[in-house]
Amino acid sequence: MQDSIVSKTIQFVRDTLAEAEGGHDWFHIERVYKSAINIANHEAGANLLIVQLASLLHDIADSKFHGGDEKIGPEKARQFLESQAVEAPIVEAVIAIIENMSFHKSIEGTTYQSLELDIVQDADRLDAIGAIGIARTFNYGGFKNRKIYDPAISPQFFTSKESYKKSDSPTLNHFYEKLLLLKDLMTTPTAQAMAEQRHAFMEAFLSQFYAEWEGEF
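What to know about the side chain of His199
Here is step 1: Along the chain, the position of His199 falls in helix 11 (residues 189-213).
Here is step 2: The contact partners of His199, leaving out residues within four places of it in the chain, are Leu180 and Lys183.

With respect to the pattern of salt bridges
Pairs can form between side chains of opposite charge whenever their charged atoms are close.
Here is step 1: Under the defined criterion, the tally for this structure stands at 6 salt bridges.
Here is step 2: With its nearest N and O atoms 2.7 Å apart, the salt bridge here joins Asp127 to Arg31. Here Asp127 is found in the loop between helix 7 (115-126) and helix 8 (130-143), whereas its partner Arg31 is found in helix 2 (residues 26-42), with 96 residues between them in sequence.
Here is step 3: The exposure class assigned to Asp127 is buried, which follows from its relative accessible area of 4%.

Structural notes on the packing of aromatic side chains
Here is step 1: With the rule as written, the count across this model stands at 11 aromatic pairs.
Here is step 2: Ring geometry for Phe205 versus Phe209: centroids 6.2 Å apart, planes at 45°, classification tilted. With Phe205 and Phe209 both in helix 11, this residue pair falls 4 residues apart, about one helical turn.
Here is step 3: The class of Phe205 is partly exposed, set by a relative accessible area of 26%.
Here is step 4: Judged by relative accessible area, Phe209 falls into the buried class, the value being 14%.

Thresholds applied
- Here the residue numbers are simple positions, counted from 1 along each chain's written sequence.
- Residue-level local features of this predicted model are given only where pLDDT is at least 70; pairs of side-chain atoms are given and counted only at 80 or more, and the full residue set underlies all totals for whole chains, interfaces and linings.
- The basis for the side-chain values is all heavy atoms of the structure; hydrogens and waters are excluded.
- Each helix is a run of H or I in the DSSP string that is no shorter than four residues. Each strand is a run of E no shorter than two, and both are numbered from the N terminus.
- In this analysis, two residues are considered to be in contact whenever any of their non-hydrogen atoms come within 4.5 Å of each other.
- The term salt bridge refers to a side-chain nitrogen of Lys or Arg lying within 4 Å of a carboxyl oxygen of Asp or Glu.
- Exposure classes here rest on a 1.4 Å probe applied to the protein chains alone. A residue is buried below 20% of its type maximum, exposed above 50%, and partly exposed in between.
- Only the six-membered ring of Trp is used, alongside the rings of Phe and Tyr, when aromatic pairs are assigned; centres must lie within 6.5 Å, and planes under 30 degrees apart are stacked while those over 60 apart are edge-to-face, with the rest tilted.

What follows is the structure, given as structure tokens:
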């Protein structure tokens, strides 16, 4: 039964995100799904079905692509899970994870906590750093027609969800506004270890970027 609902969820997500922006498409979901399972296998006590369903459905309707509406994603996930007769406690746990895993929650805070949230959130954050994170960042910057870099525009340090969501600063600033912060926000020991190398790769990339920007050999 669990294998069946996971398979159906995979197909539902693949179909729904068939035309999604490259950094938030099925392949992003698949990477987060694989990382979440990997982390769960190293963190005792996690409910694997909750981890699987939440990782698969966490970006089913990202608010960035729906006018900032943060309710549409959880609602769409709930409708699908209920249509598959998934048990209510599982549904509620999955929805709570989707509602509480965004980066801006680290700015405004959340009262919901669970091991499964930690695992899925860490897996999603891992996909935002390292080589894949760099590729996704510039892909989204191009999608939004943002400057790659402007030395005259300094990175912002957000104190509210609203200011974070409204930011349209150059793509390179996003490293300082979010990506370089994620290593220290990892919750599980497994993800903390995985984040170290990816964080170092981003730092090396930035050093190379600035050298090339200045025309250095």
